[in-house]
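Coordinate inspection notes
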Amino acid sequence: MRLKFENFTLRAVGFLLAAFLVFPVLALFVASAPRELLLGLQHPLVWPALRLSLLTTTTTTLVVVFLGTPLAWSLAQSKRKGIQFIETLLQLPLVIPPSVAGIAMLLAFGNRGLLSALLHPAGNSLAFTTTAVIMAQVFVSAPLFIQSASSAFRRIDAKLVVVAQTFGALPWSVFFRVALPLALPGLAAGAAVSWSRALGEFGATLMFAGNLEGKTQTLPLAIYTAFTSDIRAAQAISIILVLVAFALLLLMRVFMKKAERKFDGMP
Amino acid sequence: MKKQGGLHIDISAQIGPLLVEVAFGIGNETLVLAGPNGAGKTTLLLLILGALECKKAHIQMGETLVADTALKIHVPTEDRNIGYVPQDYALFPHLSVRENVAFALRCRSSQKKSLEMEAALQNFGLSALADKKPHMLSGGEKQRVALARALSLKPHALLLDEPLSALDIRSRKSTREFLLGTLKNLSVPSIVVTHDALEARLLGQRIAVMESGKITQMGTWEELAKNPQSTFVEELVGANKNLREG
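Residues numbered from 1 in each chain as written. Chains lettered and ligands numbered in written order. Predicted model: local features only at pLDDT ≥ 70, side-chain atom pairs only at ≥ 80, totals over all residues.

1. Looking at the overall build of chain A
Put simply, the test is: Helix and strand assignments follow DSSP, with helices taken as H or I runs no shorter than four residues and strands as E runs no shorter than two, numbered in order from the N terminus. Any residue surrounded by 20 or more other C-beta atoms within 10 Å of its C-beta is treated as buried, while 12 or fewer makes it exposed and the intermediate range makes it partly exposed; C-beta atoms here are placed from the backbone. Contact between two residues is assigned whenever their backbone-derived C-beta positions fall within 7 Å.
When helices and strands are counted, chain A shows 12 helices and zero strands. Along the chain direction, N to C, the helices and strands of chain A fall in the order α-α-α-α-α-α-α-α-α-α-α-α. With respect to the principal axes defined by its C-alpha atoms, chain A has extents near 75 × 65 × 30 Å. Counting the 267 residues in chain A, one finds 37% classified as buried. Taking contacts inside chain A between residues at least 6 apart in sequence as the whole, the part at least 24 apart equals 80%.

2. A closer look at the overall build of chain B
Heads up, the rule is: The reference for a compact globule is 2.2 Å times residues^0.38; the radius of gyration itself is calculated from the C-alpha atoms.
Check the secondary structure of chain B and you find nine helices and 11 strands. Taken over the C-alpha trace, chain B has a radius of gyration of 18 Å; the compact-globule value for 246 residues is 18 Å, and the two agree within 12%. Dimensions of chain B, computed from C-alpha atoms along their principal axes, come out at roughly 55 × 50 × 40 Å. Buried residues in chain B amount to 45% of all 246 residues. A separation of at least 24 residues holds for 66% of the contacts in chain B among residues at least 6 apart in sequence.

3. Considerations on the packing of helix H3 (residues 46-77) of chain A against helix H7 (residues 130-154) of chain A
All names here are of chain A. Condition: In this analysis, axes come from line fits to C-alpha atoms, helices being fitted only over the stretch in contact, and the angle between any two N-to-C directions falls in the range 0 to 180 degrees. Each crossing gets its handedness from the near helix: less than a right angle anticlockwise from the far helix is left-handed, clockwise is right-handed. Residue type decides the class: Asp, Glu, Lys and Arg count as charged, Ala, Val, Leu, Ile, Met, Phe, Trp, Tyr, Cys and Pro as nonpolar, and the leftover types, Gly among them, as polar.
Interhelical geometry of H3 versus H7 gives an angle of 40 degrees and a closest axis separation of 7 Å. In the crossing of H3 with H7, the sense of the turn from one axis to the other is right-handed. The residue inventory of the contact of H3 with H7, partitioned by class, reads 16 nonpolar, 10 polar and one charged.

4. As for the domain arrangement of chain B
Residue and element names in this part refer to chain B. What counts, and what does not: Domain delimitation in this document rests on an assignment produced automatically or drawn from a domain database.
When cut into domains, chain B gives domain 1 (7-81 + 161-245) and domain 2 (95-154). The partner domain 2 presents seven residues to the 10 residues of domain 1 that form the contact. Class assignment for the residues of the side of domain 1 that touches domain 2 results in four nonpolar, five polar and one charged.

5. Describing the nonpolar core
For clarity, the threshold we go by: Residues of type Ala, Val, Leu, Ile, Met, Phe, Trp, Tyr and Cys that are buried and joined through C-beta atoms within 7 Å form what is called a nonpolar core.
The biggest cluster of nonpolar side chains holds 136 residues, and the ones touching the most others in it are Ala136 and Ile237 of chain A together with Leu33 and Leu159 of chain B. Top element by residues in this core is H7 of chain A. It accounts for 15 residues. The contacts of Ala136 of chain A, once residues within four sequence positions are left out, are Met105, Glu201, Ala204, Thr205, Phe208 and Ala209 of chain A.

6. Regarding the pairing of strand E7 (residues 82-85) of chain B
All names here are of chain B. Formally: For two strands to be treated as a pair, DSSP must find no fewer than two bridges joining them.
Of the two faces of E7, the one lined by Ile82 and Tyr84 and the one lined by Gly83 and Val85 are each fully buried. In this sheet, strand E8 (residues 157-161) lies alongside E7 in parallel orientation, the contact comprising four bridges. Across the sheet, the residue bridging to Ile82 is Ala157, located in E8.

7. A word on the interface of chain A and chain B
In this assembly, 19 residues from chain A lie in contact with 22 residues from chain B. Counting residues per element, the ones that place at least two in the side of chain A that touches chain B are helix H8 (158-166), helix H9 (171-200) and helix H12 (231-264) of chain A. With six residues, the single largest contributor to the side of chain A that touches chain B is H8 of chain A. Class assignment for the residues of the side of chain A that touches chain B results in 10 nonpolar, five polar and four charged.

8. A short note on the domain arrangement of chain A
Residues and elements named next belong to chain A. Domains assigned within chain A are domain 1 (1-31) and domain 2 (35-264). Placing a centre on the C-alpha atoms of domain 1 and another on those of domain 2 gives a separation of 31 Å. Partitioned by chemical class, the residues of the side of domain 1 that touches domain 2 number four nonpolar, no polar and no charged.

9. Let's talk about unusual backbone geometry
Note: most peptide bonds trans; most residues except glycine with negative phi. All names here are of chain B. Positive phi values are uncommon outside glycine, yet Lys154 reaches one of about 50 degrees. Its place among the elements puts Lys154 in the loop between helix H5 (139-151) and E8. The phi angle at Ser212 is positive, at roughly 50 degrees, despite the residue not being glycine. What makes Ser212 partly exposed here is the crowd of 14 C-beta atoms within 10 Å.

10. What about the pairing of strand E1 (residues 7-15) of chain B?
Residues and elements named next belong to chain B. As defined by bridge partners, E1 adjoins strand E2 (residues 18-26) across nine bridges and the pair is classed as antiparallel. Counterpart to Asp10 in the pairing with E2 is Ala23. The turn linking E1 back onto E2 is made up of two residues, and Gly16 within it adopts a positive phi angle of 60 degrees. Pairing of E1 with strand E4 (residues 56-61) involves six bridges; the strand directions are antiparallel. Bridge pairing links Asp10 to His58 in E4.

11. Some thoughts on the environment of Ser174 of chain B
Residue and element names in this part refer to chain B. Topologically, Ser174 is positioned in helix H6 (residues 169-185). The class for Ser174 is exposed, based on 11 C-beta atoms found within 10 Å. Placed 154 residues apart in sequence, Ser174 and Val20 show a C-alpha to C-alpha distance of 34 Å.

12. Remarks on the environment of Phe15 of chain A
Positionally, Phe15 of chain A belongs in helix H1 (residues 2-30). For Phe15 of chain A, a count of 10 C-beta atoms within 10 Å puts it in the exposed group.

13. Some remarks on the confidence of the model for chain B
Here is the rule: On a scale of 0 to 100, pLDDT captures the predictor's confidence in every residue.
Overall, the prediction assigns chain B a mean pLDDT of 87, with 93% of residues at 70 or greater. The ipTM, which scores confidence in the relative placement of chains, is 0.88 for this predicted complex, and the corresponding pTM is 0.85.

14. Considerations on H9 of chain A
Basically, it comes down to this: Helices are assigned an expected span. That span is 1.5 Å times one less than the residue count. Here the bend at a residue means the angle between the axes of two seven-residue stretches, the one that ends at it and the one that starts at it.
The first and last C-alpha atoms of H9 of chain A sit only 36 Å apart over 30 residues, clearly below the 44 Å expected at 1.5 Å per residue. The largest bend along H9 of chain A measures about 60 degrees and falls at Leu184 of chain A, with the proline Pro185 of chain A one to four residues further on.

As C-alpha cells, this is what we get:
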C-alpha cells in the first residue's frame, strides 16, 4: 500500500511539470478552429519564411557538422590544461542573451565591425543578408553540436584508439575508421538538436540580419511580424515550427536507438 | 626459426600518483607480469607502447631503439609494431571479425593482404565467424580474434593484458591452452599481465612481480616459490600450491 502511495506521489509531482510543458504546445493546436488555421497559412508571410528557414537551417547544420566534428574530436582528444577554459568559451553562445549575441555579431562582422575591412572591402556589408542569417544561426546552434559530439567522442573507449595506433593507423585513419562510426549516434543527435535551435533562432538574427521578407525573415521573425497584424497567421506559423521541431527530435531519437542497437548488439 | 630480438626496457614515469620505475630485459620468451591491482602493470604496457609519456625512457626492441629520452628518440605508437591485446580485447564493435583483422593489415600497405587475412582467420579457427560482429562472439572467440588481429602484422613484440580475466571458468581452460600454444609458437618477446597464479605458472617462462610501480622480484616460477621476497609473491606461489593440492 505504502509502496503504491509513494510511487503515485512521485509520478504526480513529475506530472505537474510534464503538464506545464505540454499544455502551451497543445494550446497552439486547439485554441483556434482548423479552418481559421488554414486561413492563417495563406498569409503572404508564411511560405517565403518557411522556404528561407528550411534553406538557412539546412545550410547552417551542414556547416556546423562539417566544421564542428573535427573541432569536437580535437577537444575530446586534448589533454592540455587549458582545455576546460576553451570549452567554456565555446559554450558561451548558449547562455548569453540573444540580443548580446546580435550585438557581438555586428561588432565582429558588421559594417563597422572588427573584420569589416577583410570581409567587405568594397563596402558591401554582410549584415542584413541571408548569409548573416546563417552566421547568426551557426553562432547560436554550433555549441549544442560541439557539446554533443565531443561527449560522444569522449565515450569511445580510449583503448580502441591505442589499439588502432598499434596497427599503424595514423590520425586520419583513427578519426574516419574508428572515432567517426562509433560516435555517429551522438553526432546525429547533436545535429538534430543544433538544427532545432537554428530553426528557432530569433534574437541574434533580428539584430544582425534584420527582418526583411524573403531575404532574412525566417519563421520565428515571421511570427513576430504577423503577431501584430494577424494572430491566426502567427499561430499557423508557430504550428509549422512545432511540427518541424518535433519531427526532428523524433528522428534523432529513432536514429540514436538504431545506432545504439547496432553497436550494443541488442536484438 | 628464432629471430634475433629481445626487448630491453628502462623506464621512469609519473602517471598520476603512481611512480613507475622499471628496468629489465627479455629475450624471445614469454614473461608474465604479475602483481596486485594498481601496481602499474597496465600502465607499464601503455608506456612500452608509447601511449603514455615517460619522464625517462630507454626501450630497445631487437636492434631498433624505439625510445630514448637522452637521445630524444621517440618512435610513435603507430611505428613501433608491437602487438597489443587489452584486457577486454578492444575489438572494433562496428566491424566484423574479418574487418577487424583487415583493419590491422590495411593500415600497413601490404600487397598480399587478402591472402594474409584469410590465413590469419584460418590459423585462429575464425573462418566460420568471419562475418560476425564482436557482440555475437563468446569471450574465447573474442580473444582469438584479438590475437589474430594483433599477430597479423607479425609484431616485433606482443603485450597481453589479462588475456583470460574476461572469460568464464568453462572457456578459460580451453582458451588458456590455445593461448599457451600460440605463445610457444611465437618467437618474439611477449609480456602477459595476470594476477592469477595458475596462469602465471603455465604461461610464463619467467615471472616479474610488480608492486607499487616497481619490479620487486623476477625469476622462474621455481625461483619465486623457493625464495618469495614479498607477501604478494608468498600468496601467489601459495595460491598455486593450494590449487594443485586441491
